[in-house]
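Below are the chains, spelled out letter by letter.
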Amino acid sequence: VHLQACGGGLVQAGDSLRLSCAPSGRTFSDYSMSWFRQAPGKEREFVAGITRSGGRTFYKDSVEGRFTASRDNAKNTLYLQMNSLKPEDTAVYFCAGRYGVFTYRPIQYVYWGQGTLVTVSS
C-alpha cells in the first residue's frame, strides 16, 4: 500500500486545515488508519485513528474536540480536519495504515505516508 498524504501548510493559531491521505494498491476498507505526528526533536506520537468501517474514532487528549478523523471508503481517502490549531500542533503529520483492527501503537502500522508539514504560527 502506497500512502500519499497532503494538505499541510503554514497557518496562524486558530486557523483550520484539512489533511488527506489517499492509499493505493489494496482494499482501503480492510485497513485501520491513523494519523501520527512528529515535532522536531520529539518522538512520533499518535494523533487520531479510525476503524476500518469509520464507525469509531480515537484521539490524543490534546486534540480531542478540535481534530476530526474521517474516511471515505468509496473514494479510498482518509481525512484529518484540524480546527483551532495551536502552535504546539506544529509537526510533520503522517498517515498510517494496518491490516485489521485499530491500534494506537505506531510499531504495528506497516504502511506509512511520507508526511506533510503543518506549521502553526502564534
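Above: the structure in question.
Here goes a summary of the coordinates provided. (Residues numbered from 1 in each chain as written. Predicted model: local features only at pLDDT ≥ 70, side-chain atom pairs only at ≥ 80, totals over all residues. Heavy atoms only, no water.)

Attention now goes to the pattern of salt bridges. A complete count under the given rule lists four salt bridges for this structure. Between Asp89 and Arg37 there is a salt bridge, and its shortest N-O distance comes to 3.0 Å. Residue Asp89 is found in the loop between β8 (77-82) and β9 (91-99), and its partner Arg37 is found in strand β4 (residues 31-38); the two are separated by 52 residues along the sequence. On the accessibility criterion, Asp89 (1% relative accessible area) is buried. In this structure Arg37 comes out as buried when scored by relative accessible area, which is 4%. (Salt bridge = Lys/Arg side-chain N within 4 Å of Asp/Glu carboxyl O. Helix = DSSP H or I, 4+ residues; strand = E, 2+ residues; numbered from the N terminus. Buried < 20%, exposed > 50% of the residue type's maximum accessible area, 1.4 Å probe, protein only.)

A general tendency of soluble globular proteins is for nonpolar side chains to be buried together. Residues Trp35, Val47, Phe67, Leu78, Leu80, Met82 and Tyr93 are the most contacted members of the largest nonpolar core, which totals 28 residues. Among the elements of the structure, β3 (17-21), β4, β5 (45-50), β7 (67-72), β8, β9 and β11 (116-121) are those that each provide at least two residues to this core. Setting aside residues no more than four positions away along its own chain, Leu80 makes contact with Leu17, Arg18, Leu19, Trp35, Val47, Ala48, Phe67, Thr68, Ala69 and Tyr93. Phe36, Phe46, Ala96 and Tyr109 belong to the second-largest nonpolar core, a separate cluster that totals six residues. (Core = buried A, V, L, I, M, F, W, Y, C linked by side-chain atoms within 4.5 Å. Contact = heavy atoms within 4.5 Å.)

Before going further, it helps to spend a moment on the state of the cysteines. Overall, the coordinates contain one disulfide when judged by the stated rule. The side chain of Cys21 participates in a disulfide bridge whose partner is Cys95; the two sulfur atoms lie 2.1 Å from each other. On the S-S bond that ties Cys21 to Cys95, the torsion sits near 60 degrees, and the link is right-handed. Of this pair, Cys21 sits in strand β3 while Cys95 sits in strand β9, and the two are 74 residues apart along the sequence. Its relative accessible area of 0% is what places Cys95 among the buried residues. Left unpaired, Cys6 is separated from the closest cysteine sulfur, that of Cys21, by 8.3 Å. (Disulfide = S-S within 2.5 Å.)

Moving on, we get to the environment of Arg105. Along the chain, the position of Arg105 falls in the loop between β9 and β10 (111-112). Judged by its relative accessible area of 48%, Arg105 is partly exposed. Taking C-alpha positions, Arg105 is 8.9 Å from Glu45, a pair spaced 60 residues apart along the chain.

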